[in-house]
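# Analysis of the macromolecular model
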Amino acid sequence: MNVVCIGSGYVGSVTGTAFAVLGHPTTVIDLDQNKVDQINAGASPIYELGLDELIRKTIGKTLFATTSYKAVREADVVFIGVGTPSREDGTVDLSYIKSAARSIGEYLSPDRFTVVVDKSTVPVGTADLVTSIIEEASGQTAEEDFTVISNPEFLREGYALEDVFFPDRVVIGTSHPRARKVMRELYHNLLERVNYEELSKDFTFAYNWNSPKATYFETDVKSAEMIKYASNAFLAVKISYINEVARLCEALGANVLDVAKGMGMDSRIGEKFLQVSSGWSGSCFPKDTAEFLETSRKYGSELSVVKAAVQSNEKMHHFVVEKMQRHLKTLNGKTVGILGLTFKPNTDDARKTQASTIIRQLIDLGANVRVHDPKGMEMFRELNPKLPVGYCDRVEDVARRADGVVLLTHWKEYLQADWKRIQGEMRYPYLLDTRNFLPHKMLVEMGYIYEGLGIGKELIKENVAPLMI
Ligand code: UDX
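Residues numbered from 1 in each chain as written. Predicted model: local features only at pLDDT ≥ 70, side-chain atom pairs only at ≥ 80, totals over all residues.

Under the annotation held in an unreviewed UniProt entry, the protein chain carries the name UDP-glucose 6-dehydrogenase and is attributed to Melghirimyces profundicolus. Under the heading Catalytic activity (unreviewed entry), UniProt records this for the protein chain: "UDP-alpha-D-glucose + 2 NAD(+) + H2O = UDP-alpha-D-glucuronate + 2 NADH + 3 H(+)". Recorded under Sequence similarities (unreviewed entry), the UniProt text for the protein chain is reproduced unchanged: "Belongs to the UDP-glucose/GDP-mannose dehydrogenase family." (UniProt positions renumbered as here; feature names shortened; annotations may be inferred.)

This paragraph deals with the packing of helix α9 (residues 221–252) against helix α10 (residues 256–264). The N-to-C vectors of α9 and α10 enclose an angle of 135°; their axes lie 9 Å apart at closest approach. Comparing their axes, α10 and α9 come out oblique. By crossing handedness, the relation of α9 to α10 is classed as right-handed. Residues I242, V245, A246 and C249 of α9 touch α10, and the partners they reach there are V256, V259 and A260. Looking at the contact of α9 with α10 residue by residue, the classes come out as seven nonpolar, no polar and no charged. (Axes fitted to C-alpha atoms, helices over the stretch in contact; angles between N-to-C directions. Helix = DSSP H or I, 4+ residues; strand = E, 2+ residues; numbered from the N terminus. Parallel < 35°, antiparallel > 145°, perpendicular 65-115°, else oblique. Left-handed = near helix turned anticlockwise from the far one by under 90°. Contact = placed C-beta atoms within 7 Å. Nonpolar A, V, L, I, M, F, W, Y, C, P; charged D, E, K, R; others polar.)

Attention shifts here to the sheet that holds strand β14 (residues 449–451). Sheet strands line up and pair through hydrogen bonds in the backbone, either parallel or antiparallel. On the basis of which strands lie adjacent, the open sheet formed by six strands has the order β11-β10-β9-β12-β13-β14 and parallel pairing. Two strands bound the open sheet, and with one partner strand each, they are β11 (389–391) and β14. Taking each pair of neighbouring strands and ignoring which way they run, the sheet shows an average axis angle of 20°. In the sheet, strand β9 (residues 335–339) pairs with strand β12 (residues 404–407) via four bridges, with the strands oriented parallel. Within β12, the position partnered with G337 by the bridge is V405. (Pairing = 2+ DSSP bridges.)

Contacts to the ligand come from 20 residues, most closely from E157, Q275, S277, W280 and C284. Among the residues forming the shell around the ligand, the class breakdown is eleven nonpolar, five polar and four charged. Shared between two domains, the shell around the ligand takes at least three residues from each, and those domains are domain 1 (3–219) and domain 2 (234–459). (Near = placed C-beta within 6 Å. Domains from an automatic or database assignment.)

What follows concerns the UniProt feature "binding site: NAD(+)" (unreviewed entry) in the protein chain. The feature "binding site: NAD(+)" (unreviewed entry), as annotated in UniProt, sits at D30, K35, T84, T121, E157, K287 and R351 in this numbering. Across 322 residues of sequence, these annotated residues are also dispersed in space, with a maximum C-alpha separation of 24.5 Å. The residue D30 is located in the loop between β2 (26–29) and α2 (33–40) in this model. In this structure, D30 is in contact with G7, S8, K35, V36 and T67, ignoring residues within four places of it in sequence. In this fold, T84 is placed in the loop between β4 (77–80) and α4 (95–107). Using a count of 22 C-beta atoms within 10 Å as the deciding quantity, one classes T84 as buried. (Buried ≥ 20, exposed ≤ 12 C-beta atoms within 10 Å, placed from the backbone.)

Turning next to the pairing of strand β10 (residues 368–372). Burial analysis of β10 places four of its five residues in the buried class, which makes it a mostly covered element. As paired strands, β9 and β10 are joined by five bridges and run parallel to one another. In the strand pairing of β10, V336 is matched with V369. For the handedness criterion, the β-α-β arrangement of β9, helix α13 (residues 354–364) and β10 is classed as right-handed. As defined by bridge partners, β10 adjoins β11 across three bridges and the pair is classed as parallel. When the bridges of β11 are listed, V369 appears paired with V389. You can see the chain leave β10, run along helix α14 (residues 377–383) and come back into β11, and the turn it takes is right-handed. (Right-handed = clockwise from strand over helix to strand, strands pointing away.)

Encoded structure:
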């Protein structure tokens, strides 16, 4: 199978590399020469654990990168993996998708049947739009010479390779028999774990090679497009829900860690995505919930549960600031250290994170803020050039003369930090751990005034580990 991936961002580079690893000759196309050069030099254009290694192993063999759309002529399957940024009103800007569709149309071969796949998260109905653009640009007939289908990605940043090689499900949205056949063949190696034993020897990255096989689910195109939005919105609702339960646990003196564990034992609920936080954020959940809500309004059937989850999430950011303020009496003139700027660990993605909202609120209340993140400082600084915060390369510098430190992202680096030394730097040893991640008991014994989220003070336990996410 000849595969083409348009876009070398998150979706395109992970998808393209995965198919190259699985043995399909794959060309990644991006108009940005720098990114293409990077891939050809054997380096990943994005920060994602393990991706560098896979690109290095496949480049020039089964993986190719170029700025030219010529490879579309020879392709059996063309994935569209370009960006879909949000507009001011929350709806998705499809201009990159449209221009990719036009270019595909210009290069589509009249001599072979091509399956064009929407891989990026796109509103329901986008396949129809892409079809009409390709028809116009190519002069070819949809469903005879080519077809456009949906195969949404379910990749988590920081775990994308695990998700791409060991997905829970692969969703294929098309009713076209030939496209279904092509996609089954394309995914055969992944679904049947062909060569996985060899790969397991080859990878330095640790995977659970015995994880259950993926479910392959075929449906119509609109339902597949909908599955992506409905799934992400549901996960956002789940987190907002546990965060609200955490606030109630705190008020009543219960322990949300045990509550989440007990809830998760019910297979109808499941243990994942019940980890308390200062709120969800990142490049997907805020964008996808906003678009899903806008669409529901447009069709006169507002998703009130999703609307409530979004509002509850904003409250959660604020709750963290309030909690700190309650403890320190006032934030005016106080120094606060922030640990974690990315929306979760193992990514350098600092776009629209809970950290920027929380930091802004702290500054508005008169606090001086110092920040640290193992990978996200550069992007955060670029995106928030006017934010008056001190950037610290070392964890302990964040704590210098601080009246409180807040952990927002559960990077493993923070587990390994020298907490004795950090305490020595602080003016007042108040530590707010919004992920219930750090070893409470040890920190309390060291003299910290430790607070988590959703845990009554008397219930602080020795071994607290976050649930699986
Ligand atoms: C998400 C989806 O998980 C993925 O399937 C989709 O394709 C893209 O969007 P991602 O944005 O990478 O992936 O992050 P995810 O791991 O889902 O976390 C999103 C946010 O929720 C983060 O801020 C994370 O810290 C938070 N979160 C997650 C919680 O607060 N608690 C949890 O239990 C899980």
